[in-house]
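Working through the structure, step by step
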Amino acid sequence: MAVFKKHYTREEARQLLPQVRQWLAELDELRRTLHDCEEYLAKAMTPGEDLGGDRINRYVKSLAGVKEILVRFQNREIQLKDLDRGLIDFPSYIGGKEVFLCWEKGEDDIEFWHDLTTGYAGRERL
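Throughout what follows, the structure given in this document is the object of discussion. Within each chain, residue numbers correspond to sequence positions counted from 1 in written order. Per-residue local features of the predicted model are confined to residues with pLDDT of at least 70, and side-chain atom pairs are confined, for both listing and counting, to 80 or more; whole-chain, interface and lining totals are unaffected and use all residues. Water and hydrogen atoms play no part in the side-chain values, which are based on all heavy atoms of the structure.

Here we look at the side chain of Glu 77
Note the threshold: Working definition: helices are DSSP H or I runs of at least four residues, strands are E runs of at least two. Numbering for both runs from the N terminus. Throughout this description, a polar contact denotes any pair of N or O atoms lying within 3.5 Å of each other; where both atoms belong to protein, one of them has to be capable of donating a hydrogen while the other can accept it, and for residues adjacent in sequence the pair is counted only when both atoms sit in side chains.
Residue placement: Glu 77 occurs in the loop between helix 2 (54–75) and strand 1 (79–82). Of note is the side chain of Glu 77, whose polar atom sits 3.1 Å from the backbone nitrogen of Lys 5.

Set out below in structure tokens:
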């Protein structure tokens, strides 16, 4: 019995790479904004400080943006395994076996796969 409802052929996953790259770039930018806001908030968390204003609005909007992008991955059953590395798994079948097609930010193409349980350490060339 399959673990995932959606499965991608290598070609389908390839076609999604431009969109996945864009989502990862958006996430990187949102995370930078969150980090900047968190540094500010940590300094401003003294009694009597006003924590309202533009910085808080940017923080809340950035959190909402991160959630929105993560939902895009989730709705397509694309697995975001490591946000810092941009490690992505697409559920697929190889030889009738359910596996992940594995791609990492910076790679030109989807060239690896691994079992559902072995993770990145079990990557093999397609």
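That covers the picture; the talk isn't over yet.
Notes on the sheet that holds strand 5 (residues 124–125)
Formally: Strand pairing requires that DSSP identify at least two bridges connecting the strands.
Sheet architecture is open: five strands sit in the order 1-2-3-4-5, paired in antiparallel fashion. Strands at the two margins of the open sheet, each flanked by one partner only, are strand 1 and strand 5.

Brief notes about helix 2
Operational definition: Multiplying 1.5 Å by the helix residue count minus one yields the expected span of that helix. Think of it in three bands: residues with accessible area under 20% of the maximum for their type are buried, residues over 50% are exposed, and the middle band is partly exposed, with areas taken using a 1.4 Å probe on protein chains only. Arc definition: it is the arc formed by the directions from the helix axis to the C-beta atoms.
An ideal rise of 1.5 Å per residue puts 32 Å on 22 residues; helix 2 measures up with 31 Å between its terminal C-alpha atoms. Among the residues of helix 2, those classed as buried are Tyr 59, Ser 62, Gly 65, Val 66, Ile 69 and Phe 73. The arc that holds the buried residues of helix 2, viewed along the axis, is 125°, so those residues lie on one side. Exposed positions of helix 2 whose direction lies more than 90 degrees from the buried face are Lys 61, Lys 67, Gln 74 and Asn 75.

Quick look at the environment of Asp 28
Take Asp 28: it is sitting in helix 1 (residues 10–44). When the C-alpha positions of Asp 28 and Ala 44 are compared, they lie 24 Å apart, and in sequence the two are 16 residues distant.

Digging into the nonpolar core
Rules: What we call a nonpolar core is a set of buried Ala, Val, Leu, Ile, Met, Phe, Trp, Tyr and Cys residues that are connected through their side-chain atoms within 4.5 Å.
Counting residues in hydrophobic clusters, the biggest one holds 24 residues, and the most contacted among them are Val 20, Phe 73, Ile 88 and Phe 90. The set of elements that each furnish at least two residues to this core consists of helix 1, helix 2, strand 2 (87–94) and strand 3 (97–104). At 11 residues, the largest contribution of residues to this core is made by helix 1.

A closer look at the pairing of strand 2
The buried fraction of strand 2 amounts to six of the eight residues, a majority that puts the element mostly inside the structure. Relative to strand 2, strand 1 is paired through three bridges, and the arrangement is antiparallel. Bridge assignment links Gln 79 to a residue of strand 2, and that residue is Asp 89. Between strand 1 and the antiparallel strand that follows it, strand 2, lie four residues; Gly 86 among them carries a positive phi value of about 70°. Counted between consecutive antiparallel strands, the loop separating strand 2 from strand 3 contains two residues, among which Gly 95 sits at a positive phi close to 60°.

Description of the pattern of salt bridges
For clarity, the threshold we go by: Between Lys or Arg on one side and Asp or Glu on the other, a salt bridge is scored when a side-chain nitrogen of the former is within 4 Å of a carboxyl oxygen of the latter.
Inspection of the entire model under this criterion finds 13 salt bridges. Ionic pairing is found between Arg 14 and Glu 11, a salt bridge with its closest N-O pair at 3.6 Å. Here Arg 14 pairs with Glu 11, and both are found in helix 1, just three residues apart, close to one helical turn. A relative accessible area of 27% means that Arg 14 is categorised as partly exposed. Taking relative accessible area as the criterion, Glu 11 reaches 42% and is therefore assigned partly exposed. The shortest N-O distance in the salt bridge between Glu 68 and Arg 72 comes to 2.5 Å. Of this pair, Glu 68 and Arg 72 both sit in helix 2, separated by four residues, roughly a single helical turn. Take Glu 68: its relative accessible area is 45%, and that puts it in the partly exposed class. It is possible to trace a salt-bridge network through shared partners that takes in Arg 10, Glu 11, Arg 14 and Asp 109.

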